[in-house]
Amino acid sequence: MTFVPVQALLAACVRQPWALGAYDTFNLEMTQGIVDAAVAERSPLIIMMLPGFMPAADWPGVIAMIAAEAARARASIPVALQLDHCTTLEQVAWGIRLGASGVMLDASSLPFEQNVSLTRRAVEMCHPVGVSVEAELGHVGYSTEKISDADSHARLTRVDEAVRFVAETQVDALAVAVGTIHGLYRGKPVIDFDRLHALREALDIPLVLHGGSDTPDEDIQRAIATGVDKINIWTDVRVAYLRAIRDFLATTTLEGYAFEQLMAAARQSVCAAARQKMRVFGSAGKADGFRPPGAT
């Protein structure tokens, strides 16, 4: 199966009052739940794989599994596949060979010039073969980190650097740091909407919000209205999966449960979580009559 280029999906929602969710997956039931949700909600779908979560030897099998699940949905919805948070050009090359239609190169922890250099090389590898590239400028941290408010502020994306970064790399989409984090928040997130607005005004490419999980719906919808086009979700589907398994096992014995029922519960829980996100993002129904911008 050929996945739709990530950029073809994102181009449809730039400066529109809706955004696309991009959902990381790890195994079959999680993938099935995400695809089930997109089909039920008639939402275009970006499904993602985190290469850092598994050995490289497992990538071909996982991507083949994702492709098989996407194939059953392609009559209903367009599906793109992105490798999420690649940290090396070797991972980017693997993604190209295995058929991903987009990669996210994360060099955000490196100094600006090194981030530019590595991202530009990824673009040079990907664009000739039709693969989209997302990068990150500023740095979206993790809930497990303990950093000062000053350090947290220093990680936010600067508008002037973003303009220069996009011009020098020719990247297709940019993940910006505006106050969200990866994982579950320890308190209420403080999102810099003024900064996000300034970034939207300065840049024409799709803007991406990492750390979309556990962010209040009202903040997500305000971010979309301010200019976010893609929102990454991993923790929320992972928590839904694990909660379903925990609750199922709490109500039965190890001798008494059927394994297929356990996995069905996890799949259904992921589906419900993803469907809720698609409604909040406004992507529900957007697959109907979908034509990539520029199609004839």
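The residue numbering used here restarts from 1 in each chain and proceeds along that chain's sequence as written. Given that the model is predicted, a residue must reach a pLDDT of at least 70 before its local features are reported, and side-chain atom pairs must reach 80 or more before they are shown or counted; all residues, however, enter totals for whole chains, interfaces and linings. To obtain the side-chain values, all non-hydrogen atoms of the structure were used and water was disregarded.

*Asks:* What is the right way to look at the sheet that holds strand β1 (residues 20–25) in this model?
*Replies:* Strand-to-strand pairing in sheets goes through backbone hydrogen bonds, with the strands running parallel or antiparallel. Pairing is parallel in the closed barrel, where 8 strands are placed in the order β1-β2-β3-β4-β5-β6-β7-β8. With direction set aside, neighbouring strand axes in the sheet form an average angle of 30 degrees. In short, DSSP must find at least two bridges between two strands for them to pair. Note on conventions: DSSP H or I runs of at least 4 residues are helices, E runs of at least 2 residues are strands, and numbering of each starts at the N terminus. In terms of strand pairing, strand β6 (residues 173–176) meets strand β7 (residues 207–209) through 2 bridges, oriented parallel. Looking at the pairing, Leu174 lines up with Leu207 of β7. What counts as an axis is a line fitted to C-alpha atoms, over the stretch in contact for a helix, and the angles between N-to-C directions run from 0 to 180 degrees.

*Asks:* Would you mind showing me how to read the packing of aromatic side chains here?
*Replies:* The geometry of two aromatic rings is summed up by the distance between their centres and the angle between their planes. What counts as a ring pair is set by centres within 6.5 Å for rings of Phe, Tyr and Trp (its six-membered ring), and what kind of pair is set by the plane angle: stacked under 30 degrees, edge-to-face over 60, tilted for all other angles. Under the defined criterion, the tally for this structure stands at 4 aromatic pairs. Centre to centre, the rings of Phe26 and Phe53 are 6.5 Å apart; their planes meet at 70 degrees, and the pair counts as edge-to-face. On the criterion of sequence distance, the pair formed by Phe26 in the loop between β1 and α2 (28–41) and Phe53 in the loop between β2 (45–49) and α3 (59–71) is long-range, its members being 27 residues apart. For every residue, the accessible area obtained with a 1.4 Å probe (protein chains only) is divided by the maximum for its type, and the residue is called buried under 20%, exposed over 50%, and partly exposed between those limits. When its relative accessible area of 45% is taken as the criterion, Phe53 is described as partly exposed. When the ring of Phe53 is compared with that of Trp234, the centres are 5.6 Å apart and the planes differ by 90 degrees; the resulting orientation is edge-to-face. Residue Phe53 is located in the loop between β2 and α3, and its partner Trp234 is located in the loop between β8 (230–233) and α10 (235–250); the two are separated by 181 residues in the primary sequence. Residue Trp234 is classed as buried on the basis of its relative accessible area, which comes to 12%.

*Asks:* Just to check I follow, could you spell out the pairing of strand β3 (residues 79–86) for this structure?
*Replies:* Taken across its 8 residues, β3 has 8 buried, putting it largely inside the fold. Note that β2 and β3 share 5 bridges and pair parallel. Looking at the pairing, Met48 lines up with Gln82 of β3. By convention, orient the strands away from the viewer: a clockwise path from the first strand over the helix to the second makes the crossover right-handed. A crossover links β2 with its parallel partner β3, the connecting element being α3, and its sense is right-handed. As paired strands, β3 and strand β4 (residues 102–105) are joined by 3 bridges and run parallel to one another.

*Asks:* How should the packing of α10 against helix α11 (residues 259–281) be read in this particular structure?
*Replies:* One can describe the packing of α10 onto α11 by two numbers: an axis separation of 8 Å at closest approach and a directional angle of 145 degrees. Between α10 and α11 lies a crossing whose hand is right-handed. Here Asp236, Val237, Ala240, Tyr241, Ala244, Ile245, Phe248 and Leu249 of α10 come into contact with α11, specifically with Gln261, Leu262, Met263, Ala265, Ala266, Ser269, Val270, Ala273 and Lys277. Taken together, the residues that form the contact of α10 with α11 break down as 13 nonpolar, 2 polar and 2 charged. Crossing handedness follows the turn of the near helix against the far one: under a right angle anticlockwise gives a left-handed crossing, and clockwise gives a right-handed one. Contacts are assigned to residue pairs with any non-hydrogen atoms lying within 4.5 Å of each other. Note that Gly is not counted as nonpolar here; it falls among the polar residues with everything else outside the nonpolar set of Ala, Val, Leu, Ile, Met, Phe, Trp, Tyr, Cys and Pro and the charged set of Asp, Glu, Lys and Arg.

*Asks:* How should the pattern of salt bridges be read in this particular structure?
*Replies:* A pair can form between side chains of opposite charge whenever their charged atoms are brought close. Just to be clear on terms, a salt bridge is a Lys or Arg side-chain nitrogen sitting within 4 Å of an Asp or Glu carboxyl oxygen. Using the criterion set out here, one finds 16 salt bridges in the structure. With a closest N to O distance of 2.7 Å, Asp288 and Arg42 form a salt bridge. Of this pair, Asp288 sits in the segment after α11 while Arg42 is found in the loop between α2 and β2, placing the two residues 246 residues apart along the sequence. Note that Lys277 is salt-bridged to Asp236, the shortest N-O span being 2.7 Å. Here the residue Lys277 occupies a position in helix α11, and Asp236 occupies one in helix α10, the gap between them amounting to 41 residues. Note on Asp236: relative accessible area 16%, which makes it buried. Linked by salt bridges that have partners in common, Asp36, Glu69, Arg72 and Arg267 make up one network.

*Asks:* Is there a simple way to explain α3 in this structure?
*Replies:* Taking 1.5 Å per residue, 13 residues should reach 18 Å; α3 reaches 18 Å between its end C-alpha atoms and fits that length. Listed as buried for α3 are Trp59, Val62, Ile63, Met65, Ile66, Ala67, Glu69 and Ala70. Summarising the contacts, the buried residues of α3 are in contact with β1, α2, β2, β3 and α4 (89–97). One fewer than the residue count of a helix, multiplied by 1.5 Å, yields its expected span.

*Asks:* Explain α10 here, please?
*Replies:* Given 3.6 residues to a turn, an α-helix orients residues that are three or four positions apart in the same direction. Its 16 residues give α10 an end-to-end C-alpha distance of 22 Å, which sits within 8% of 22 Å, the value for a rise of 1.5 Å per residue. Along α10, the residues that are buried comprise Thr235, Asp236, Val237, Ala240, Tyr241, Ala244, Ile245 and Phe248. Contacts made by the buried residues of α10 are with β1, α2, β8 and α11.

*Asks:* I would appreciate a short explanation of the side chain of Asn232 in the present structure.
*Replies:* Assignment of secondary structure puts Asn232 in strand β8. Residue Asn232 is classed as buried on the basis of its relative accessible area of 6%. Here His210 takes part through its side chain, which lies 3.3 Å from a polar atom of the side chain of Asn232. Each polar contact in these results corresponds to two N or O atoms within 3.5 Å; when the atoms are within protein, one needs to be able to donate a hydrogen and the other to accept it, and residues that are neighboring in sequence are counted only if both atoms are side-chain atoms. One polar contact links Asn232 to Lys230, side chain to side chain, over a distance of 2.7 Å. Ignoring sequence-local partners within four residues, the contact set of Asn232 consists of Ala22, Met48, Asp84, Val208, Leu209, His210, Gly211, Gly212 and Ser213.

*Asks:* Mind showing me how you'd approach the environment of Gln16 here?
*Replies:* Of note, Gln16 is situated in the loop between α1 (6–11) and β1. We classify Gln16 as partly exposed; its relative accessible area is 37%. Spatially, the C-alpha atoms of Gln16 and Thr226 are 9.8 Å apart, while their sequence positions differ by 210 residues.

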